[in-house]
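Breakdown of the fold
Below, each chain spelled out in residue letters.
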Amino acid sequence: MNVELIFQIAGIGIIVAVLAQLLSRSGREEQALMITIAGLVVVLFILTEEIGKLFDSIKTIFDL
Amino acid sequence: MTDIVKIGAIAVCSALLISLLRPNSPVFAGLTALAAAVLMTFFALDSLSNIFDSFSALFETGGINYDYCKSILKVIAVAYFTEITSALCRDAGESGIASKLELCGKVSVLVMTLPTVTELLRVITEALALI
């Protein structure tokens, strides 16, 4: 079990929030949106893998 | 014992991180909550599989058909699963979806238990016919 997963995702979230805010302050709204979407996609990639593993183990343990 | 301390540490850390993230990027706060939920469910599942092994051993020594035990375990699985996922939906602020999910969970539990109930009714009618 990797506990770093939470820190990874929260870290990506903080970095993306800071970058998006910097970009939107300097008047580049589109790039701020883009960076938010990119961060979202990366996090979803990490998470879907874990969720798939979780569902697999639920299926094997409960014989569903 | 050490496991529950670890899980508590994970829960507190993720709660702090989520409250840190919420004002700036609520989407990432939700995703972090999802990650925390997945990790903690993994911890619970590890011990649950041991419990189920001893459950099945108990059923076998009691001489009870293992199929009944299996159906109980399946119902428990569906209940846990709907509980976890509806809590996640509620965290994301979608209590409407969460309540529909709970409804679906209840219906699927009913569908799973119906064969056992009909079996029970069949046994009862057979017993009544014997009288």
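**Structural notes on the overall build of chain B**
If you tally the helices and strands in chain B, you get four helices and zero strands. The order of helices and strands in chain B, counted from the N terminus, is α-α-α-α. Over its C-alpha atoms chain B spans a radius of gyration of 20 Å, topping by over 25% the 14 Å that the globule rule assigns to 131 residues. Within chain B, the proportion of its 131 residues that are buried is 27%. Partitioning the intrachain contacts of chain B with sequence separation of at least 6 by distance along the chain shows that 49% fall at a separation of at least 24.

**Let's talk about the pattern of salt bridges**
Under the defined criterion, the tally for this structure stands at four salt bridges over all chains. Across the pair Lys53(A) and Glu50(A) runs a salt bridge whose closest N-O atoms are separated by 3.3 Å. Taken together, the positions of Lys53(A) and Glu50(A), both in helix α2 (residues 29-62) and three residues apart, correspond to about one turn of that helix. The exposure class assigned to Glu50(A) is buried, which follows from its relative accessible area of 6%. When salt bridges that share partners are traced, they join Glu119(B), Arg122(B) and Glu126(B) into one network.

**Remarks on the packing of helix α1 (residues 4-25) of chain A against helix α1 (residues 2-21) of chain B**
A packed helix pair is summarised by two numbers, namely the angle formed by the two axes and the spacing between the axes. Two elements in contact, α1(A) and α1(B), have axes separated by 10 Å at closest approach and are oriented at 10 degrees. When the axis of α1(A) is compared with that of α1(B), the two are roughly parallel. Facing α1(A), whose interface residues are Ile6(A), Phe7(A), Ala10(A), Gly13(A) and Ile14(A), α1(B) presents Ile10(B), Cys13(B), Ser14(B), Leu17(B), Leu20(B) and Leu21(B). Residue composition of the contact of α1(A) with α1(B), by class: nine nonpolar, two polar and no charged.

**A closer look at the side chain of Ser57(A)**
Counting through the fold element by element, Ser57(A) comes out in helix α2. Contacts of Ser57(A), omitting those with residues within four sequence positions, involve Phe42(B) and Leu45(B).

**A word on the state of the cysteines**
Within this structure, the stated rule accounts for zero disulfides over all chains. Residue Cys89(B) stays outside any disulfide, its sulfur separated by 11 Å from that of Cys104(B), the closest cysteine.

Reading the values: rules and limits
Residues numbered from 1 in each chain as written. Chains lettered and ligands numbered in written order. Predicted model: local features only at pLDDT ≥ 70, side-chain atom pairs only at ≥ 80, totals over all residues. Heavy atoms only, no water. Helix = DSSP H or I, 4+ residues; strand = E, 2+ residues; numbered from the N terminus. Rg over C-alpha atoms; globule rule 2.2 N^0.38 Å. Buried < 20%, exposed > 50% of the residue type's maximum accessible area, 1.4 Å probe, protein only. Contact = heavy atoms within 4.5 Å. Salt bridge = Lys/Arg side-chain N within 4 Å of Asp/Glu carboxyl O. Axes fitted to C-alpha atoms, helices over the stretch in contact; angles between N-to-C directions. Parallel < 35°, antiparallel > 145°, perpendicular 65-115°, else oblique. Nonpolar A, V, L, I, M, F, W, Y, C, P; charged D, E, K, R; others polar. Disulfide = S-S within 2.5 Å.

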